[in-house]
Amino acid sequence: MNVLVAGGTGFIGRNLCAELVERGHEVTALSRDPDPSELPEGVETAVGDLSAYDSIEGAFEGKDVVVNLVALSPLFQPPKGVTHMTVHYGGTENVLQAMDTHGVGKLVHMSALGADPDGPTEYLRAKGLAEEAVREAEIDSVIFRPSVVFGDGGEFVPFARKLTPGPYLKVLPGGGKTRFQPIYVGDLVPMLADAVEDDEHTGQIYDVGASEVLTLADVTRLAYEAKGKSVKIVPVPIAMAKIGLTLAGPIPIIPMGPDQARSLQLDNSIEDNSVTAFGADPDSLTTLQEYLGLS
Ligand SMILES: NC(=O)c1ccc[n+]([C@@H]2O[C@H](COP(=O)([O-])OP(=O)(O)OC[C@H]3O[C@@H](n4cnc5c(N)ncnc54)[C@H](OP(=O)(O)O)[C@@H]3O)[C@@H](O)[C@H]2O)c1
């Protein structure tokens, strides 16, 4: 198949491009500034900004399937002039329009756990509106909603280390009780590639994670343990963290804004894990401890 991977130069995108090439597909990675030397051999590149329709339209010509992995991180404040609505929602609408223009019939779309047009953060609202647009489009689609994804080049583990700068004493909102169900990129990517190839997944929305549920405090401890350090987590009432962040924007101890602080209150664990739709047993997927070499 001829596959366009929008966001193909990112963390998940690079891994997916490699998997698709390995499976014998023709692959083009689209992003604003793709560097072919950072992509697996055989991957073509296309330059475009998803929020600017004219810049991406041509890349859709002749493609059989599109994968949308374009991302603006929910963990940090967006750069000036860029919003979750323009990138995740507007960008998805542009993808759907370009698919329509070029008669591309299938989209594998990456959303996020908790995506909801009425959700509590702009990231989740934009992801929710994008999902609605995908479901309403007259195309075959498969939607993935992962919890946090980890692996080489991912930002979650480094983010946990960055949350507070001081050595050994980590101040986390709510004591870091928010729960995540992380999935390893090496486990997720074959599922995305199966969704590209197999019609049986058409029309499905898949919430995916490994079986292990970890709190932010757990992840922070593990991230430091992997560096040979132990840490003490100090609870900060979430209301205090929110007030501080709302008034001050990014403050020294937590390099985020109010929307990012809100996201730290939202559990990111899964009720109905769809990894079984790909023949995977959640208990056999790579855990964060295993990835970090701690078990
Ligand atoms: N990683 C996770 O833990 C996680 C969890 C849940 C859901 N997701 C979702 O999974 C998808 C992939 O995430 P990721 O972690 O691989 O993200 P990433 O590493 O930040 O990669 C983002 C990709 O999007 C491109 N991009 C960003 N803005 C763009 C724009 N305006 N136009 C065109 N390309 C643009 C980037 O390249 P340039 O910046 O060079 O343009 C890059 O190729 C996203 O939809 C994300 O929301 C990720």
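Please refer to the structure higher up on the page.
The structure contained in this document is the topic of the report that follows.

Criteria and cut-off values
- Residue numbers restart at each chain and count upward from 1, following the sequence in its written direction.
- In keeping with the predicted nature of the model, local features appear solely for residues at pLDDT of at least 70, side-chain atom pairs appear and are counted solely at 80 or more, and the whole-chain, interface and lining totals rest on all residues.
- No hydrogens and no water enter the side-chain calculation; it runs on all heavy atoms of the structure.
- Between buried and exposed lies partly exposed: a residue is buried under 20% and exposed over 50% of the maximum accessible area for its type, with that area taken using a 1.4 Å probe on protein chains only.
- The helix count covers DSSP runs of H or I at least four residues long, the strand count covers runs of E at least two residues long, and both are numbered beginning at the N terminus.
- Looking down the strands as they point away from you, a crossover is right-handed if its path from the first strand over the helix to the second goes clockwise.
- Two strands qualify as a pair provided DSSP detects at least 2 bridges between them.
- Fitted lines through C-alpha atoms give the axes, limited to the stretch in contact for helices. The angle between two N-to-C directions lies from 0 to 180 degrees.
- Should any heavy atoms of two residues lie within 4.5 Å, those residues are counted as being in contact.
- Should a side-chain nitrogen of Lys or Arg be within 4 Å of a carboxyl oxygen of Asp or Glu, the pair is scored as a salt bridge.
- To qualify as a nonpolar core, a set must consist of buried Ala, Val, Leu, Ile, Met, Phe, Trp, Tyr and Cys residues joined through side-chain atoms within 4.5 Å.
- The pocket and cavity definitions rest on a 1 Å grid over protein atoms only: a 1.4 Å probe that fits but cannot leave marks a cavity, an open set with protein on both sides within 12 Å along at least five of seven lines marks a pocket, and residues lining either have an atom within 4 Å of a point.
- Grid points are joined across faces, edges and corners, and a volume is the space filled by probe spheres set on the points.
- Put simply, Ala, Val, Leu, Ile, Met, Phe, Trp, Tyr, Cys and Pro go in the nonpolar bin, Asp, Glu, Lys and Arg in the charged bin, and everything else, Gly too, in the polar bin.
- In this text, near means that some heavy atom of the residue lies within 4 Å of the molecule or strand in question.
- Whenever two N or O atoms come within 3.5 Å, that pair is a polar contact, provided that in protein one can donate a hydrogen and the other can accept it, and provided that, for residues adjacent in sequence, both atoms are side-chain atoms.
- Each accessible area is a Shrake-Rupley estimate made with a 1.4 Å probe; only the visible protein chains count as cover when residues are assessed.

Observations regarding the pairing of strand β5 (residues 106-110)
Next, step 1: The buried count for β5 comes to five of five residues, which makes it a mostly enclosed element.
Next, step 2: Burial along β5 is two-sided: the face carrying Lys106, Val108 and Met110 and the face carrying Leu107 and His109 are both buried.
Next, step 3: After leaving strand β4 (residues 65-68), the chain enters helix α3 (residues 84-102) and then returns to the sheet as β5, a path that is right-handed.
Next, step 4: When β5 meets strand β6 (residues 140-146), the two strands line up parallel, connected through five bridges. Considered in β6, the bridge of Leu107 is made with Ser141.
Next, step 5: The handedness of the β5 to β6 crossover, carried by helix α4 (residues 122-136), is right-handed.

Points about the sheet that holds β5
Next, step 1: Sheet architecture is open: seven strands sit in the order β3-β2-β1-β4-β5-β6-β11, paired in parallel fashion. At either end of the open sheet lies a strand with only one pairing partner, and these are β3 (44-47) and β11 (205-208). In this sheet, neighbouring strand axes are inclined to one another by 20° on average, regardless of whether the strands run parallel or antiparallel.
Next, step 2: Against the sheet, α4 makes contact with β5, β6 and β11, and its axis sits at roughly 160° relative to β6, the strand it touches most.
Next, step 3: Helix α6 (residues 185-197) rests against β1 (2-6), β4, β5, β6 and β11 of the sheet, and its axis sits at about 160° to β5.

Details of the pattern of salt bridges
Next, step 1: Under the counting rule described, the total for this entry stands at eight salt bridges.
Next, step 2: Of the charged contacts, one joins Arg145 and Glu131 as a salt bridge, the two residues approaching to 2.7 Å between their closest N and O atoms. Here the residue Arg145 occupies a position in strand β6, and Glu131 occupies one in helix α4, the gap between them amounting to 14 residues. Taken individually, Arg145 and Glu131 each receive the classification buried, so the pair is uniform in this respect.

Some remarks on the nonpolar core
Next, step 1: Ranked by internal contacts, the top residues of the largest apolar core, which has 35 residues, are Val5, Ile12, Leu16, Phe144, Leu188, Met191 and Leu192.
Next, step 2: Of all the secondary structure elements, the ones that give two or more residues to this core are β1, α1 (11-22), β2 (26-31), β4, β5, β6, α6 and β11.
Next, step 3: Top element by residues in this core is α6. It accounts for eight residues.
Next, step 4: Not counting chain neighbours up to four residues away, the residues in contact with Leu188 comprise Ile12, Met110, Phe144, Val149, Ile183 and Val208.
Next, step 5: By size, the runner-up hydrophobic cluster in this structure holds 23 residues, among which are Ile56, Val87, Leu107 and Ala133.

Structural notes on empty space enclosed by the protein
Next, step 1: Under the counting rule described, the total for this entry stands at two cavities of 30 Å³ or more.
Next, step 2: Among the elements of the structure, α3, β5 and α4 are those that each provide at least two residues to the lining of the largest cavity.
Next, step 3: It is α3 that provides the largest number of residues to the lining of the largest cavity, a total of three residues.
Next, step 4: In the lining of the largest cavity, the residues fall into four nonpolar, four polar and one charged.
Next, step 5: Of the voids in this model, the second largest cavity is the one considered here, and its volume is about 30 Å³.

What to know about the environment of Ala130
Next, step 1: Among the secondary structure elements, Ala130 is positioned in helix α4.
Next, step 2: Its relative accessible area of 0% is what places Ala130 among the buried residues.
Next, step 3: Each C-alpha atom, one on Ala130 and one on Ala115, is 8.9 Å from the other, the two residues being 15 residues apart in sequence.
Next, step 4: Ignoring any residue separated from it by four or fewer positions in sequence, one finds Ala130 in contact with His88, Tyr89, Thr92 and His109.

A closer look at the site of the ligand
Next, step 1: Taken together, 22 residues lie near the ligand, and Thr9, Arg32, Leu50, Lys127 and Val149 sit nearest.
Next, step 2: One nitrogen or oxygen atom from the main chain of Ala71 is found 3.4 Å from an oxygen atom belonging to the ligand.
Next, step 3: Within the side chain of Tyr123, a nitrogen or oxygen atom sits 3.2 Å from an oxygen atom of the ligand.
Next, step 4: Within the complex, 82% of the 890 Å² of free accessible area of the ligand lies under protein.
Next, step 5: Of all the secondary structure elements, the ones that give two or more residues to the shell around the ligand are α1 and α4.
Next, step 6: Among the residues making up the shell around the ligand, the classes are represented as eleven nonpolar, seven polar and four charged.

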